[in-house]
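Understanding the architecture of this molecule
Listed here are the chains, written in short residue letters.
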Amino acid sequence: MAEAKAKQELPEDVGSDDCLTSYTYIYSPDLLKDQVAFITGGGSGIGLRIAEVFMRHGCDTVIASRNLDKLKEAAKKLCAASGRRCLPVCIDVRQPESIVAAVDETIKQFGHIDILINNAAGNFICPASALSFNAFRTVMEIDTMGTFNTSKVVYEKWFKDHGGNIVNISATLAYRGQALQVHAGSAKAANDAMTKHLAVEWGPNGVRVNAVAPGPISGTEGFRRLGGSHMEATESFRSIPLQRAGNKTEMAHCTLFLASRASSYMTGAIMVADGGAWLTSANDVSMLLGIASSKSARL
Ligand code: NAP
Ligand code: COA
């Protein structure tokens, strides 16, 4: 078994919000040459690695979220690692006017937008009965309204007339009704529906809309909040067919595939990239209740 595990060839990753110290190309290095990608939540976690991998493939990026200081620091690192341009912009995906200003600025600075990655999200573990009305609404507004708001603004301002590629970062939470995740599971399920609706409506305008649904991804806020460290410590990942957590570079590679001409005949697809986790992982209410009541869970 250990030998089989060693045979899995994993791409490089680092656990922090830093760029890779080395990178081995799988795709052609000019796959996204001179394209521009607008990435929500691109200043941390999976979004930051997507930005880096895209830039290493010749793309310029806009990284957009609420914390401008964090974005500026990330942009500096990304430019240094890739030699491409990265524009940090402050938006709240719940506020359409902030997205409009950021998209206008993107077109002013770069002249076009080719790719939109809807990656911004908020989550925490909480039993449905303890979830306040505002907590449920907040996650729905960030994940679902945020994805619609950003897609609509980018479509109206650029994709409608020029085509483009949208990739939504989803989750597998709703597939089995994951415990303590009614807010995020409902939001991502709505996003999966949105992926298909917009693929159908915008396909004739040359817009493809697809999604990546990650499993537990190490070195991320999501992993930290949703019990990843506990699962690692208790060897719970052994129940996953691939027997490990995923890494951020693996998610970036799936996203690159869907955002590029490598997937030119795909639209309306949800690509599950979870090592088979949702098929076999325990949906363990009491374990998650234990994590939720621990001091680190309320963030
Ligand atoms: P993360 O680093 O916390 O990424 C979330 C990003 O969203 C942050 O950069 C945050 O930046 C931004 N954001 C949050 N609220 C926002 C708002 N209202 N407006 C604009 N930006 C906002 O966490 P992550 O774990 O990498 O998650 C990235 C994506 O992967 C999410 O869609 C998540 O649901 C999905 N996912 C992750 C895992 C996992 O194991 N990590 C598993 C399944 C799915 P600011 O704070 O600066 O706004
Ligand atoms: N458990 C239960 N409820 C929680 C909670 C938790 N851990 N964290 C926040 N809430 C509730 C708040 O109490 C509030 O409800 P109330 O007004 O009824 O008290 C509601 O959620 C909104 O919280 P607030 O902090 O005002 O929202 P925000 O817009 O500032 O932040 C969050 C949004 C809550 C999602 C915040 O965690 C966040 O910014 N997350 C981004 C990063 C992230 O989640 N990454 C992982 C992605 S998988």
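Residues numbered from 1 in each chain as written. Chains lettered and ligands numbered in written order. Predicted model: local features only at pLDDT ≥ 70, side-chain atom pairs only at ≥ 80, totals over all residues. Heavy atoms only, no water.

1. Side note on the site of ligand 2
Every one of the 18 residues lining ligand 2 counts as a neighbour, but Arg-66, Arg-94, Asn-123, Ser-132 and Arg-225 are closest to it. Measuring from an oxygen atom of ligand 2, one finds a side-chain N or O atom of Ser-132 at 2.6 Å. The separation between an oxygen atom of ligand 2 and a polar side-chain atom of Arg-225 is 2.8 Å. Within the complex, 66% of the 930 Å² of free accessible area of ligand 2 lies under protein. Listed by contribution, the elements that provide at least two residues to the shell around ligand 2 are helix H5 (133–162) and helix H7 (221–225). A per-class count over the shell around ligand 2 returns seven nonpolar, six polar and five charged. (Near = heavy atom within 4 Å. Polar contact = N/O pair within 3.5 Å; in protein donor to acceptor, adjacent residues only side chain to side chain. Areas by Shrake-Rupley, 256 points an atom, 1.4 Å probe, with all protein chains shown as cover. Helix = DSSP H or I, 4+ residues; strand = E, 2+ residues; numbered from the N terminus. Nonpolar A, V, L, I, M, F, W, Y, C, P; charged D, E, K, R; others polar.)

2. Some points on the side chain of Arg-244
Of note, Arg-244 is situated in the loop between helix H8 (228–233) and helix H9 (248–259). For Arg-244, a relative accessible area of 19% corresponds to the buried category. With residues near it in sequence (within four places) discarded, Arg-244 still touches Gln-8, Leu-10, Phe-237 and Glu-250. (Buried < 20%, exposed > 50% of the residue type's maximum accessible area, 1.4 Å probe, protein only. Contact = heavy atoms within 4.5 Å.)

3. Thoughts on the packing of H5 against helix H6 (residues 182–202)
In contact at an axis separation of 8 Å, H5 and H6 are set at 20° when each is read in the N-to-C sense. Accordingly, the angle class assigned to the pair H5 and H6 is roughly parallel. Crossing hand, H5 versus H6: right-handed. Contact with H5, carried on its side by Phe-136, Val-139, Met-140, Asp-143, Thr-144, Thr-147, Phe-148, Ser-151, Lys-152 and Tyr-155, involves Val-182, His-183, Ala-184, Ser-186, Ala-187, Lys-188, Ala-190, Asn-191, Met-194, Leu-198 and Trp-202 of H6 and no other residues of that element. Looking at the contact of H5 with H6 residue by residue, the class counts come to twelve nonpolar, six polar and three charged. (Axes fitted to C-alpha atoms, helices over the stretch in contact; angles between N-to-C directions. Parallel < 35°, antiparallel > 145°, perpendicular 65-115°, else oblique. Left-handed = near helix turned anticlockwise from the far one by under 90°.)

4. Brief notes about helix H3 (residues 68–82)
For H3, built from 15 residues, the straight-helix expectation of 21 Å at 1.5 Å per residue is met to within 8% by its first-to-last C-alpha distance of 21 Å. Inspection of H3 places Leu-71, Ala-74, Ala-75 and Leu-78 among the buried residues, and these make up the whole buried set. With its buried residues spanning 105° around the axis, H3 presents them on a single face. Facing away from the buried surface of H3 by more than 90 degrees, the exposed residues are Asp-69, Lys-76 and Ala-80. (Expected span 1.5 Å × (residues − 1). Arc of directions from axis to C-beta.)

5. Here we look at the packing of aromatic side chains
Two aromatic rings, taken as a pair, are described by how far apart their centres are and by the angle between their planes. Throughout the structure, instances matching the rule amount to four aromatic pairs. Ring plane angle 85° and centroid distance 4.8 Å describe the contact between Tyr-23 and Tyr-25, whose orientation is recorded as edge-to-face. The exposure class assigned to Tyr-25 is partly exposed, which follows from its relative accessible area of 36%. With 5.0 Å between their ring centres and 85° between their planes, Tyr-175 and Trp-278 make a pair best called edge-to-face. Of this pair, Tyr-175 sits in the loop between strand E5 (164–169) and H6 while Trp-278 sits in helix H10 (residues 277–280), and the two are 103 residues apart along the sequence. Here Tyr-175 falls in the partly exposed class, since its relative accessible area comes to 29%. By relative accessible area, Trp-278 is classed as partly exposed at 30%. (Phe/Tyr/Trp six-rings, centres within 6.5 Å; stacked < 30°, edge-to-face > 60°.)

6. Digging into unusual backbone geometry
In the Ramachandran plot, Asp-34 falls in the positive-phi region, its phi being about 60° despite a non-glycine side chain. Topologically, Asp-34 is positioned in the loop between helix H1 (2–6) and strand E1 (36–40). Note on Asp-34: relative accessible area 43%, which makes it partly exposed. Positive phi values are uncommon outside glycine, yet Glu-235 reaches one of about 55°.

7. Quick word on the nonpolar core
In this structure, Ile-50, Phe-54, Ile-63, Leu-78, Ile-117 and Val-212 are the most contacted members of the largest nonpolar core, which totals 34 residues. Every element with two or more residues in this core is listed here: E1, helix H2 (45–56), H3, strand E4 (115–118), E5 and H9. At seven residues, the largest contribution of residues to this core is made by H2. For Leu-78, the contacting residues outside a window of four places in its chain are Cys-19, Leu-48, Ala-51, Glu-52, Met-55, Ile-63, Gly-83 and Cys-86. Core analysis: the second largest hydrophobic core is formed by 28 residues, Val-89, Ile-142, Val-153 and Tyr-155 among them. (Core = buried A, V, L, I, M, F, W, Y, C linked by side-chain atoms within 4.5 Å.)

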